[in-house]
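What the coordinates show
Chain by chain, the residues:
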Amino acid sequence: PGGFYVAVIDRRDVVNRDHAYNMYLDIFVAAIFIFGTLLMNCSMQSFAYKLSSPLKRLAVEMQKVSNLDFSSRSKRRQTGMVPSKFYEIFDIQLQFLRMQAALKSFAKFMPESVVQLHFQTLKAPEARLTQPHLSLSSTSAQVELKVVTLLFSDIKSFTTLCESIPAEKMCLLLNEYFEAMCAIVEHHGGTVIEFIGDAMLVVWNIPFPVHNHAEHCARFAIEAQHELSELRTIWIERGLPSVEVRMGIHTGLVYAGILGSSARFKYGLLGESLNVASYLEEANKRYHTDVIVSAGTVAHIKMFQ
């Protein structure tokens, strides 16, 4: 009694439990932070992909349009683009598709090879100093002189045919005729310069070079006449008149380039060779033939045999 008592309490278990709790809490918070960071990173990557992927595909399509390549990746899709979920990007895609459709339609009003050459010239201004190009200045139109093979075609008795059937049927017949001929021209590397009523002016070796262009033109004439014989059978079965076509072929020098005014111009040809091809086409009437080839074309074909 009257003495001191010393009590020793062992709190190591409590301290250890508190330390373990704090350690687990730190680990849990760190895990939540890491998981949140990873989740945010994945979300940012997904967001970046959704944002950049349509823009990358749009850039690819723009590059194709700059090269006048309007081909689609599949028959179901007219473009390789996927609609964006972002309104602003989707609006850009929509406006681009409208522009693409307008350019695609406009490109059909001129030979595609001519438009491609013009685009290439615009892309390479330095080339203007070293080679002829498609441009129209206020003083003169730049042209090039080149040996080409020309084909001038005309439907026999076209005026009489127009009077025998309604205008709607004649337009349909002409479109089918031109569609078949243009496909064969493209297959043989030619360029349709223009349609003159029922007539066609086709050229080889301009605006891009064509090896042995005279032979390609001759082969076109042969294949075209065979195709016409098949079309005549179809047209007659549909109650349409029989169509026969005269062709004149000549190889010679022409001047080729942009002709017109600063407000409106076209790609055209100038030279006596054009008249020769036209005369040969007319000469078919006298000799009752379908195709007449000039000596210049025959000589050019023999050069490559």
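Residues numbered from 1 in each chain as written. Predicted model: local features only at pLDDT ≥ 70, side-chain atom pairs only at ≥ 80, totals over all residues. Heavy atoms only, no water.

1. Considerations on the overall build of the protein
On a plain count of helices and strands, the protein comes out with eight helices and six strands. Its helices and strands taken in sequence order, the protein reads α-α-α-β-α-α-β-β-α-β-β-α-β-α from the N to the C terminus. In the protein, which comprises 305 residues, the share counted as buried stands at 35%. Long-range contacts, defined here as pairs at least 24 residues apart, represent 68% of the contacts in the protein between residues at least 6 apart. Surface exposure of the protein reaches about 19,900 Å², of which carbon and sulfur atoms provide 62%. (Helix = DSSP H or I, 4+ residues; strand = E, 2+ residues; numbered from the N terminus. Buried < 20%, exposed > 50% of the residue type's maximum accessible area, 1.4 Å probe, protein only. Contact = heavy atoms within 4.5 Å. Areas by Shrake-Rupley, 256 points an atom, 1.4 Å probe, with all protein chains shown as cover.)

2. Considering the pattern of salt bridges
With the rule as written, the count across this model stands at eight salt bridges. Residue Lys156 pairs with Glu244 through a salt bridge whose shortest N-O separation is 3.1 Å. Residue Lys156 is located in the loop between strand E1 (143-155) and helix H4 (158-164), and its partner Glu244 is located in the loop between helix H6 (213-237) and strand E4 (245-260); the two are separated by 88 residues in the primary sequence. Look at Glu244 and you get partly exposed, because its relative accessible area is 37%. Note that Asp290 and Lys156 form a salt bridge whose closest N and O atoms lie 3.0 Å from each other. With Asp290 in the loop between helix H7 (272-287) and strand E6 (291-293) and Lys156 in the loop between E1 and H4, this residue pair connects regions lying 134 residues apart in the sequence. Each of Asp154, Arg246 and Glu281 takes part in a single network of salt bridges with overlapping partners. (Salt bridge = Lys/Arg side-chain N within 4 Å of Asp/Glu carboxyl O.)

3. A look at the packing of aromatic side chains
Counted by the stated rule, this structure contains three aromatic pairs. Between Phe178 and Phe195, the ring centres sit 4.5 Å apart and the planes meet at 50°, which makes this aromatic pair tilted. Here Phe195 lies in strand E2 (residues 191-196) and Phe178 lies in helix H5 (residues 167-187), a separation of 17 residues in the sequence. Residue class for Phe195 comes out partly exposed when judged on its relative accessible area of 42%. For the ring pair Trp204 and Phe220, a centre distance of 5.6 Å and an interplane angle of 50° mean the geometry is tilted. Taken together, the residues span a long stretch of sequence, with Trp204 in strand E3 (residues 199-204) and Phe220 in helix H6 at a distance of 16 residues. Judged by relative accessible area, Phe220 falls into the buried class, the value being 1%. Clustering of aromatic rings is evident, with ring pairs tying together Tyr177, Phe178 and Phe195. (Phe/Tyr/Trp six-rings, centres within 6.5 Å; stacked < 30°, edge-to-face > 60°.)

4. Remarks on the confidence of the model for the protein
Here the protein averages 80 in pLDDT, while 76% of its residues score no lower than 70. Put simply, helix H3 (residues 112-123) is where the protein has its lowest mean pLDDT, 65, and E6 is where it has its highest, 96. Counting interchain partners and residues more than four positions distant, the pLDDT-below-50 stretch residues 73-79 has nine contacts. Counted against residues more than four places away or in other chains, residues 126-141, with its pLDDT under 50, gives 23 contacts. (pLDDT = per-residue confidence, 0-100.)

5. Here's the deal with the pairing of E3
Regular strands place side chains that alternate from one sheet face to the opposite one. The element E3 is extensively covered by neighbouring structure, given that six of its six residues are classed as buried. Alternating residues of E3 divide into Ala199, Leu201 and Val203 and Met200, Val202 and Trp204, and every residue in both groups is buried. Here E1 runs beside E3; their pairing, made up of five bridges, is antiparallel. When the bridges of E3 are listed, Thr149 appears paired with Trp204. The sheet contact formed by E2 and E3 spans five bridges and is antiparallel. Directly across from Ile196, in E3, lies its bridge partner Ala199. Hairpin geometry of E2 and E3 is characterised by an intervening segment of two residues between the two adjacent antiparallel strands and by a positive phi of about 65° at Gly197. (Pairing = 2+ DSSP bridges.)

6. Examining the packing of H5 against H6
One way to put it is that H5 packs onto H6 with a least axis distance of 10 Å and a crossing angle of 150°. On the basis of their axis angle, the class for H5 and H6 is roughly antiparallel. Handedness of the H5/H6 crossing: right-handed. Here Leu173, Glu176, Tyr177, Ala180, Met181, Ile184, Val185 and His187 of H5 come into contact with H6, specifically with Phe220, Glu223, Ala224, Glu227, Leu228, Leu231 and Trp235. Considered class by class, the residues forming the contact of H5 with H6 number eleven nonpolar, one polar and three charged. (Axes fitted to C-alpha atoms, helices over the stretch in contact; angles between N-to-C directions. Parallel < 35°, antiparallel > 145°, perpendicular 65-115°, else oblique. Left-handed = near helix turned anticlockwise from the far one by under 90°. Nonpolar A, V, L, I, M, F, W, Y, C, P; charged D, E, K, R; others polar.)

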